[in-house]
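Letter by letter, the chains look like this.
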Amino acid sequence: MKFLVRTIVSVLLLAALAVGGLWLYFGTGTDYKDLTTRPAIDEPGLETVLSHSAPIGGLAVSAGGRIFFAVQADIGADGPRIFEWRDGEAQPFPAPALQAALFDTPAGLTIDRANRLWVVDPASHGFGRPRIVAIDLDTGLVVHEHVFPRQAAPRGSFLHEIQVDPAGRMVYIADTSLWRKAPAVVVYDTLTRESRRRLEKHPALVAEDWIIKTPVREMRYVGGLVSYKPGLRGIALDPTGRWLYLGAMTQGLLYRVPAATLADAATSASELAGQVEQVGAKPLSDGLAADLEGNVYVTDVEHGAVLRMDPAGNLQTIVRSPRIRWAQSLSFGPGGWLYVSDSALAETLLKPRSQVADRAPYHVFRFRPGTSGVPGQ
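All values reported here derive from a predicted model rather than from experimental measurement. (Residues numbered from 1 in each chain as written. Predicted model: local features only at pLDDT ≥ 70, side-chain atom pairs only at ≥ 80, totals over all residues. Heavy atoms only, no water.)

(A) Region of the structure containing the confidence of the model for the protein. Of the residues in the protein, 93% reach a pLDDT of 70 or more, and the chain-wide mean stands at 92. Below a pLDDT of 50 lies the segment residues 1–25, which in the model reaches 10 contacts outside its immediate sequence neighbourhood of four places, other chains included. (pLDDT = per-residue confidence, 0-100. Contact = heavy atoms within 4.5 Å.)

(B) Structural detail: the nonpolar core. With 20 residues, the main nonpolar core has Tyr-172, Val-185, Leu-199, Leu-244, Leu-246, Val-257 and Leu-262 as its most contacted residues. Among the secondary structure elements, those contributing two or more residues to this core are strand 12 (170–175), strand 13 (184–189), strand 18 (232–237), strand 19 (243–248), strand 20 (253–258) and helix 4 (259–263). When neighbours within four sequence positions are excluded, Leu-262 is seen to be in contact with Tyr-172, Val-185, Val-187, Arg-198, Leu-199, Leu-244, Val-257 and Leu-272. (Core = buried A, V, L, I, M, F, W, Y, C linked by side-chain atoms within 4.5 Å. Buried < 20%, exposed > 50% of the residue type's maximum accessible area, 1.4 Å probe, protein only. Helix = DSSP H or I, 4+ residues; strand = E, 2+ residues; numbered from the N terminus.)

(C) Seen up close, the sheet that holds strand 14 (residues 194–198). If you trace the 4 strands from one edge of the open sheet to the other, you get 11-12-13-14, paired in antiparallel fashion. Of all the strands in the sheet, the pair left with one neighbour each is strand 11 (159–164) and strand 14. Averaged over neighbouring strand pairs, the angle between their axes works out to 20° when direction is ignored. Pairing geometry for strand 11 and strand 12, over 5 bridges, is antiparallel. The residue bridging Glu-161 from the neighbouring strand is Ala-174, located in strand 12. (Pairing = 2+ DSSP bridges. Axes fitted to C-alpha atoms, helices over the stretch in contact; angles between N-to-C directions.)

(D) Quick look at the packing of aromatic side chains. Tallied over the full model, the rule gives 5 aromatic pairs. Plain terms: the ring middles of Tyr-297 and Phe-332 are 5.7 Å apart, the flat faces sit at 80° to each other, and that makes the pair edge-to-face. Remark: Phe-332 occurs in strand 26 (residues 327–332) and Tyr-297 occurs in strand 23 (residues 296–300); sequence separation between them is 35 residues. On the basis of relative accessibility, which here comes to 1%, the residue Phe-332 falls in the buried class. In this arrangement the basic side chain of Arg-66 is found over the ring face of Phe-93, its NZ or CZ atom lying 5.8 Å from the centre. Arg-256 extends its terminal NZ or CZ atom over the ring of Trp-243, reaching a point 3.6 Å from the ring centre. (Phe/Tyr/Trp six-rings, centres within 6.5 Å; stacked < 30°, edge-to-face > 60°. Lys NZ or Arg CZ within 6 Å of the ring centre and 35° of its normal.)

(E) Inspection of the environment of Val-356 at higher detail. Within the fold, Val-356 resides in helix 7 (residues 353–358). Judged by relative accessible area, Val-356 falls into the buried class, the value being 8%. In this structure the C-alpha to C-alpha distance between Val-356 and Arg-233, which are 123 residues apart in sequence, comes to 22 Å. When sequence neighbours within four positions are dropped, the list of residues in contact with Val-356 reads Pro-55, Ile-75, Thr-348, Lys-351 and Tyr-362.

(F) Molecular detail of the sheet that holds strand 20. With antiparallel pairing, the 4 strands of this open sheet are ordered in space as 18-19-20-21. Taken across any chain shown, the strands that pair with only one partner, and hence form the sheet edges, are strand 18 and strand 21 (277–281). In this sheet, adjacent strand axes meet at a mean angle of 25° when their direction is disregarded.

(G) Representation of empty space enclosed by the protein. A full pass over the atoms with the stated rule returns 1 cavity of 30 Å³ or more. In this structure, the largest cavity occupies an estimated 100 Å³ of space. Along its surface, the largest cavity is lined by 15 residues, and Leu-109, Glu-161, Gln-163, Leu-288 and Leu-330 are the ones closest to its centre. Those elements that provide at least two residues to the lining of the largest cavity are strand 3 (56–61), strand 11, strand 18 and strand 26. Per-class residue counts for the lining of the largest cavity are 6 nonpolar, 8 polar and 1 charged. (1 Å grid on protein atoms, 1.4 Å probe; cavity = no way out; pocket = protein on both sides within 12 Å on 5 of 7 lines; lining within 4 Å. Points joined across faces, edges and corners; volume = space filled by probe spheres on them. Nonpolar A, V, L, I, M, F, W, Y, C, P; charged D, E, K, R; others polar.)

(H) Just the side chain of Arg-308, in detail. Note on placement: Arg-308 falls in strand 24 (residues 305–309). We note that Arg-308 is buried and unpaired, the nearest opposite charge coming from Asp-291 at a distance of 5.4 Å. Engagement of the side chain of Arg-308 in a polar contact is seen with the backbone oxygen of Pro-369, the distance being 2.8 Å. Not counting residues up to four positions away in its chain, the partners in contact with Arg-308 are Asn-295, Val-296, Tyr-297, Asn-314, Leu-315, Gln-316, Ile-318, Pro-369 and Thr-371. (Lys, Arg positive; Asp, Glu negative; His and termini not counted. Salt bridge = Lys/Arg side-chain N within 4 Å of Asp/Glu carboxyl O. Polar contact = N/O pair within 3.5 Å; in protein donor to acceptor, adjacent residues only side chain to side chain.)

Have a look at this one:
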């Protein structure tokens, strides 16, 4: 009898310790401030471009105005996950059979100056085989593919956003590392096919102790024990290729680092860390985009908004709308339009497919911010 009592007490104690440890590791957090002001563009200036039955994550618009998007990576879905909006409907691109052979859970999209659509696939948080794929938009053929070694994309990684330099050689990928809590920038050289993790766990990339709150819900799970606090989420390469901007989702500051230094394998970790600069205070954010005038556009996931940060770090709210449930990815298109995908993540993350279907449709919006960037990025 004493043995049974001791066993029960031990089990309860271990359970309490596990719950306490889980809360300490994932569950803490406080409210973040609202940085939005009156938007520069009123509601009529925010146009609905397309609607889809599944939450939209990655987004890229070509110089010719072709719109590509991916189903949000953490949402269960059958069949093709990457589409082109053509003739008023979502058509799989590339072909469904090719997608089935190449992709697991594709996430970030970008289009380079050579008119190639680049796709990064985190492969179910690194438990599959994370990879990047480049597809020629004129032919629909795969022109580059790379499966990352475990050293670059370990289990528990989450390769989420992708940027390609103006020369089309160096590729920069944000590893959010939601569960490992070791966010990093993965740098890949398309010529040497070498990849390396850079700035892993640098303060600019890690989550701070903020809780994301949207009009729909507070982003807590497992009875409040686990808070959704991603690290590095958005990255943006300025059109000259000089700076890579870094935005951790639950982080109050936007940072940047010289892209050439980041790509230089000879630069030590300490030297590289010393090159990271603060740009300014930002909202809790997802995607980023940089324009030709040195501004960075930052999504605001709590308030359905997109803000612009000028080179001096000053913020201006460009759009804010109740129609935007979760501003996820940004992409410039032709004609000065900036496109934003809406994944409604607060309503869909870790939810059953029936609820995801009930929350449809999901949208891509666009607006003219008064500046322009390179389409596709």
